[in-house]
Number of protein chains: 2
Amino acid sequence: MSDPLRELPRWLETANAIVDETRRLILDAVARGFAHRLKADDSFVTDVDVAVERHLRARIAENFPGHGVIGEEFDATDAGAELRWTIDPIDGTHSFRFGVPFYGTLLALLHGETPVLGVIDMPGLSLRVSGARGLGACANGAPLRLADADGPVEREIVATGDRAQFEKAGKLAHYERLTREHPVVRTYSDCLGHVLALQGRVGAMVDFGLHLWDVAATQAIAPEAGARFVCLERRALAGSDAHHDVVFGKPAVVERLLRLLA
Amino acid sequence: MSDPLRELPRWLETANAIVDETRRLILDAVARGFAHRLKADDSFVTDVDVAVERHLRARIAENFPGHGVIGEEFDATDAGAELRWTIDPIDGTHSFRFGVPFYGTLLALLHGETPVLGVIDMPGLSLRVSGARGLGACANGAPLRLADADGPVEREIVATGDRAQFEKAGKLAHYERLTREHPVVRTYSDCLGHVLALQGRVGAMVDFGLHLWDVAATQAIAPEAGARFVCLERRALAGSDAHHDVVFGKPAVVERLLRLLA
C-alpha cells in the first residue's frame, strides 16, 4: 500500500495558496466593514467568519476530493475519511470584531486523529506560520526552528487565555496558579499566542478548553518548529468534538509549566 | 507675552521626524541583534534603550534649545524649564528583548506639568500614533477620532498590565476586581494597550504604577483622539518622579471601569 501522505508537500503548498486567498478576503472585509452578531454560546460571529469558511470548504472540495472537513461554522463532511481538514475561519473573532489585529485563520490536516499539516495566518499582522510532518516549519517563508530558553526560564513570557476561558473550562485553579507563580504572564489568547510560541518569542503558551480546529494546526507545526507540545487533558463533548487543554513552546519552559500546573 | 505653545505644529512635525530616525535605529538593531542585561530593579535594559535615548536627547538639544529632558535611562536636564520633553526610549523592553513586537518609543512634551504633545511609535507593528493640543491626533498619518462604545460596554476588550505590575503598585485588589468583573480583560501591557485604546480597538486600558514618561504621550493624545483620560492616583516618589494609576479609552467604557474599581 502506498504512503497516504506522499503528497504532503503539494498539499502544504496548496493549503498556503488557499490561505493567501482568504487573507485577501479578510483584509478586503476589514477595509469595507462587516456585520457581526452574538451566537447562542455568547461568542461573536461575523459575516467574514462564514464567508471564509465557505471559501475554504469550496477550495478543499475542489483540490482534495475524498477528504473530510471539520469546521467551526458548519457541520462536518465525510467524517469517516482517513484524511480530514479542520478549519477555524477566524480564530479570535472577538478581537476581529473590534479591530484588534490579533485574529487569524487556522487550517490543518488530520491523518486519522493526528494533525500532520498546519497553516496559521494572521492577516492583521502580515504573519504566516505553516509546516507539515517531515517538511519543517516556516514563518513568512523563512525556516522556523526555535532555540530552547537561553536564560532563566522564569523570565520568559508565558502566553495564555483570559480568566473567563479557564473558568469556562472549569480550571480556574490553574489560572490562579499560573498568574501567581510565573512572573510574566500575558493574555495573548487565540492564534496570537500560538504564533508567538511557535516563533519562540513567548517562551510557551498555556491554552485551555480548545476545540480541535483551534489546536490542530499548532500541534502539526510544533514538532517541526522544535517546540514541545503537550496535551494535558482531552475532554469528550457531544458528537465528535472535544475540549483540549494544552501547553506548548520551548522545551525548558514547557517543563517548568508542567511542574507548576501539576 | 506671546503664547509659549505657538510653535506646537512645528514641534509635532519635528518630533515625528526624530522618531522616524529612532524607528530605523531600532529596526536595524532588531535585524542585527543586541545585548541585554538586568537592571537593579530587576527589569531588562538593552543597548538599544540606551542608544535610542541618547539619540533623542541629542536631537532635542539641537532642535529645542532651552527645553528640559526627563528620560528613563539618564538624569533629567534643565529640570526647571517651562517646556520639558519626556522620553521612554523602549517601552516594553521585556517584549523587545524576546522579539515580541509589542514595544515602542514614547516621546512627549510637558508645558509646566501638563502634557501637550505626544508621539507613540511601535516599530515592530509599523504603527505610530501622535497628537498635540488643538492639533488633533493621527494614526499612521490618518486622522484619529474614536467613536464611543456602540454596543454593550461589558463586551468591549479592556487592556491592562499583568498581575505583577498591580502587585508592585500595591493594588492587587484592583487587579482581582478587574479580571473577575469584566468579561474580556487582556494583558496588552505598555504602549500596545495605550495605542489600541487610543485607536478605540480596545474599549479602554487600566494601567497602574506608571512613570511620567510612560503616561505623558498618551495623556497628551487622548483628548485629541476623543478618549477620556482619568488619573486615579499619583503617588510621589523620590526626586521629581511619581507613579501614576490611570484609566483611559472610550468614555462609556472608562465610566464602567471607574465604577468597577471605585
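Residues numbered from 1 in each chain as written. Chains lettered and ligands numbered in written order. Predicted model: local features only at pLDDT ≥ 70, side-chain atom pairs only at ≥ 80, totals over all residues. Heavy atoms only, no water.

So, on to the side chain of Arg 23 of chain B. Mapped onto the elements, Arg 23 of chain B comes out in helix 1 (residues 8–32). When neighbours within four sequence positions are excluded, Arg 23 of chain B is seen to be in contact with Asp 121, Met 122, Pro 123, Ser 126, Leu 127 and Arg 128 of chain B. (Helix = DSSP H or I, 4+ residues; strand = E, 2+ residues; numbered from the N terminus. Contact = heavy atoms within 4.5 Å.)

Within chain A, residue pLDDT values average 94, and 98% of them lie at 70 or more. Confidence estimates for the predicted assembly give a pTM of 0.95 and an ipTM of 0.94. (pLDDT = per-residue confidence, 0-100.)

We now examine unusual backbone geometry. Residues and elements named next belong to chain A. Positive phi is not limited to glycine here, since Asp 78 has a value of about 45°. Along the chain, Asp 78 turns up in the loop between strand 3 (68–71) and strand 4 (83–91). Even without being glycine, Asn 140 reaches a positive phi, approximately 45°. With respect to the helices, strands and loops of the structure, Asn 140 is situated in the loop between strand 8 (136–139) and strand 9 (142–144).

The two copies are related by a screw motion: chain A maps onto chain B through a turn of 180° and a shift of 0.0 Å along the axis, at an RMSD of 0.0 Å. Expressed as an axis order, the relation between the two copies is that of a two-fold axis. When C-alpha distances to the rotation axis are compared across chain A, the minimum falls at Thr 187 of chain A, with a value of 2.6 Å. Most of the interface of chain A is mirrored in chain B, where 100% of its interface residues are also at the interface. (Least-squares fit on C-alpha atoms with pLDDT ≥ 70 in both.)

All right, on to the environment of Ala 164 of chain B then. All names here are of chain B. You can see Ala 164 is positioned in helix 4 (residues 163–168). When its relative accessible area of 32% is taken as the criterion, Ala 164 is described as partly exposed. Distance from Ala 164 to Tyr 175, taken between C-alpha atoms, is 9.6 Å for residues 11 residues apart in sequence. (Buried < 20%, exposed > 50% of the residue type's maximum accessible area, 1.4 Å probe, protein only.)

Inspection of every chain in the model, using the stated rule, returns 44 salt bridges over all chains. The partner of Glu 62 of chain A in a salt bridge is Arg 59 of chain A, with the nearest N and O atoms 3.2 Å apart. A residue pair is termed a helical-turn pair when its members lie 3 or 4 positions apart in one helix, as Glu 62 of chain A and Arg 59 of chain A do in helix 2 (residues 47–63) at 3 residues. The class for Arg 59 of chain A is partly exposed, based on a relative accessible area of 24%. Across the pair Glu 167 of chain B and Arg 163 of chain B runs a salt bridge whose closest N-O atoms are separated by 3.7 Å. One end of the pair is Glu 167 of chain B and the other is Arg 163 of chain B, both in helix 4 and 4 residues apart, which spans about a single turn. Classification of Glu 167 of chain B as partly exposed rests on a relative accessible area of 47%. For Arg 163 of chain B, a relative accessible area of 7% puts it in the buried group. One continuous salt-bridge network, built from bridges that share partners, spans Arg 163, Glu 167, Glu 176 and Arg 180 of chain A together with Arg 163, Glu 167, Glu 176 and Arg 180 of chain B. (Salt bridge = Lys/Arg side-chain N within 4 Å of Asp/Glu carboxyl O.)

This part takes up the interface of chain A and chain B. Contact residues are listed per partner, giving 35 residues for chain A and 35 residues for chain B. Here chain A and chain B share an interface that buries about 3000 Å² over both sides, 50% of which is from carbon and sulfur atoms. Run the count over chain A and chain B and you get 6 salt bridges. Among the salt bridges present, the one from Arg 180 of chain B reaches Glu 176 of chain A, with a minimum N-O distance of 4.0 Å. Taken together, chain A and chain B are joined by 7 residue pairs in polar contact (both at pLDDT 80 or more). For the side of chain A that touches chain B, a count of residues per class yields 17 nonpolar, 7 polar and 11 charged. (Buried area = accessible area lost by both parts, 1.4 Å probe. Polar contact = N/O pair within 3.5 Å; in protein donor to acceptor, adjacent residues only side chain to side chain. Nonpolar A, V, L, I, M, F, W, Y, C, P; charged D, E, K, R; others polar.)

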